[in-house]
Amino acid sequence: MHTTILAAFFAFSRTVPSMCSAGILLFLIALWAAKTDIARARGLDKIVALSNLCFAAPLAVFGALHLAAAESLMPMVPSYMPWRLFWAYFFGFALLAASLSIATKIQMRWSGLLFGIAMFSFVAMLDIPGSLASPRDRFGWTLTLREMLFGGGGWILAGNAMRGQGGSRLITVGRVIIGIAAIFYGVEHFLHPANVPGVPLEKLMPAWIPGHPLVSYLTGAILLVAGVCILLDKKTRMAATYLGTWIVLLVVFIYGPILIAALADPSTGVKIEGINYFFDTLLFAGAILALASATPRTD
């Protein structure tokens, strides 16, 4: 029993360094791969050029989480599936492979497509049943739309790497999901301005961050306007560029300080929560910026 507890402690304690190391490494790889696109871009297109970086770094972080804490994540695998621990490890390696592919733009049509399929499978197996079981739980629907949006972002990346009708269909699916999610999140910001901005989950905005209502209402307005434009396919590139840029700013100036405060906390759980919120929101931005990158400038 003591051996089991000790093994669990070491598995949990190595999770934070593993996640941080994976995120930093993939950030540097993606930044190096995007350096030419960033140099050529002008204005906010420089932010759009970071779409693959914003998408790939979180996948590496979550892949490292799966490998470092597979036994802790195993209960999330549906009970009817065999080899539950295997799937926890398998998805960790799959996330790391996808992050490398997307960061370097090598075989991105397959990595984006498969990542999207995986996320939509999770939505069908876990998120939708949970949301239907508690239909009044707004956080359940928030998470369902978030996972769908992540999957849609993967399909946008795949569609942008493809040529022909199949690629455009994948981009359309991703665009519709992003539009619906943005509108829903925008409404949530006006109804519940005390929660953290971007993806409105349970965490409240820390009291030491100034301008809570202003940040929340402004984020809600941007999400609503951009979401409507994206859903109706009107000025999609401009709407996705502005929305993605705003979410990146939230990551830097809201979730960055939250992450620093979390890493300074002695609790490993608080550290992991801070890392998750930071990189979840960065992945949200990456999916939106991927749509901006995949949309022709003549829209």
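Residues numbered from 1 in each chain as written. Predicted model: local features only at pLDDT ≥ 70, side-chain atom pairs only at ≥ 80, totals over all residues. Heavy atoms only, no water.

J.: Tell me about the packing of aromatic side chains, and name the residues and values.
T.: The tally for this structure, following the rule as stated, stands at 10 aromatic pairs. Between the aromatic rings of tryptophan 87 and phenylalanine 90, the centroid separation amounts to 5.6 Å while the plane-to-plane angle is 85°, which identifies the pairing as edge-to-face. Remark: phenylalanine 90 and tryptophan 87 occur in helix H7 (residues 84–104); sequence separation between them is three residues, near one turn of the helix. Residue classification places phenylalanine 90 among the partly exposed positions, given a relative accessible area of 44%. Taken together through their ring pairs, the aromatic side chains of Phe86, Trp87 and Phe90 make up a single cluster. A cation sits over an aromatic face here: lysine 35 above tryptophan 32, 3.9 Å from the ring centre. One cation-aromatic arrangement involves lysine 203 over tyrosine 277; the distance from NZ or CZ to the ring centre is 5.9 Å. (Phe/Tyr/Trp six-rings, centres within 6.5 Å; stacked < 30°, edge-to-face > 60°. Helix = DSSP H or I, 4+ residues; strand = E, 2+ residues; numbered from the N terminus. Buried < 20%, exposed > 50% of the residue type's maximum accessible area, 1.4 Å probe, protein only. Lys NZ or Arg CZ within 6 Å of the ring centre and 35° of its normal.)

J.: Can you lay out the side chain of threonine 241 for me, pointing to particular residues and giving the numbers?
T.: Tracing the backbone through its elements, the reader meets threonine 241 in helix H12 (residues 236–263). Using a relative accessible area of 7% as the deciding quantity, one classes threonine 241 as buried. Reaching out from threonine 241, the side chain makes a polar contact with the backbone oxygen of arginine 237 at a distance of 2.7 Å. Among all residues touching threonine 241, those that are not within four sequence positions of it are Leu44, Val48, Leu289 and Ala292. (Polar contact = N/O pair within 3.5 Å; in protein donor to acceptor, adjacent residues only side chain to side chain. Contact = heavy atoms within 4.5 Å.)

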